[in-house]
Amino acid sequence: MHIEFLVEELSMKEALQNLLPKILGEEITFDIHPYQGKTDLLSKLPNRLRGYKSWLPDEDRIVVLVDEDREDCKLLKGKLEKIAINTGFSTKTSVGISQKFQVLNRVAIEELEAWFFGDLHALINAYPGVSPNLENQAKYREADAITGGTWEALEKVLQRAGHHKGGLEKTRAAR
């Protein structure tokens, strides 16, 4: 099996390149295609899916992953579903649990940086100087509930530890 990932930015590609081999193993191959933001991905998605429809083997899959960015997540997911269905694909949502699908649409409720807060041990290990007491602070316990934006919170945490002094470089942090 092969999976095509369509993501809204390069930093998500960098993070997935590290995570997916651990999750998928060696049996499943993948390619990750980043866009220049959610607007770019959504505008190009219909043509991209039409292209896939002309050659993608039935056993392969497409995963579309976008950030919520304070949009109504149900409307955003509906938009993704409609694009896939209009190009002739079945989606996991449209066919249900037991039937075959080719497109999996997912909306990350918070930004990629929330994923980093979701594994505080990994964050502490990846960035020397980040306080090991971070996990004891209430504001970091629920990654999707971090107020003021997870990108901004991550930048502050890393800068306090001496990293990304000139501003958080999302792609470098994702690596």
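Because the structure is predicted, anything quoted here is derived from the model rather than measured.

About the thresholds
- Residues numbered from 1 in each chain as written.
- Predicted model: local features only at pLDDT ≥ 70, side-chain atom pairs only at ≥ 80, totals over all residues.
- Heavy atoms only, no water.
- 1 Å grid on protein atoms, 1.4 Å probe; cavity = no way out; pocket = protein on both sides within 12 Å on 5 of 7 lines; lining within 4 Å.
- Points joined across faces, edges and corners; volume = space filled by probe spheres on them.
- Helix = DSSP H or I, 4+ residues; strand = E, 2+ residues; numbered from the N terminus.
- Nonpolar A, V, L, I, M, F, W, Y, C, P; charged D, E, K, R; others polar.
- Core = buried A, V, L, I, M, F, W, Y, C linked by side-chain atoms within 4.5 Å.
- Buried < 20%, exposed > 50% of the residue type's maximum accessible area, 1.4 Å probe, protein only.
- Contact = heavy atoms within 4.5 Å.
- Pairing = 2+ DSSP bridges.
- Axes fitted to C-alpha atoms, helices over the stretch in contact; angles between N-to-C directions.

Engineer: Report on the layout of surface pockets, specifying residues and quantitative values.
Structural biologist: For the largest pocket, the calculated volume is near 430 Å³. If you trace the largest pocket, you find 17 residues lining it, with Leu19, Phe116, Ala122, Ala173 and Ala174 closest to the centre. Of all the elements, helix α1 (residues 10-24) adds the most residues to the lining of the largest pocket, at four residues. Of the residues in the lining of the largest pocket, the class split is 12 nonpolar, one polar and four charged.

Engineer: Can you tell me about the nonpolar core, naming the residues and giving the values?
Structural biologist: With 35 residues, the main nonpolar core has Phe117, Leu123, Val130 and Tyr140 as its most contacted residues. Elements that contribute at least two residues to this core include exactly β1 (2-7), α1, β3 (61-67), β4 (103-108), α5 (112-117), α6 (120-126), α7 (150-160) and α8 (170-174). The greatest single-element share of this core, amounting to five residues, is contributed by α1. Aside from chain neighbours lying at most four places away, what touches tyrosine 140 is Phe117, Leu120, Leu134, Ile146, Ala153, Val157 and Arg160.

Engineer: So what about the sheet that holds β4? Which residues, and what values?
Structural biologist: With parallel pairing, the four strands of this open sheet are ordered in space as β2-β1-β3-β4. Either end of the sheet is taken by a strand with one partner, and the two such strands are β2 (29-34) and β4. Going across the sheet, the axis of each strand differs from the next one's by a mean of 20°, ignoring polarity. In the packing of α1 onto the sheet, contacts are made with β1, β2 and β3, and the angle to β2 comes to roughly 170°.

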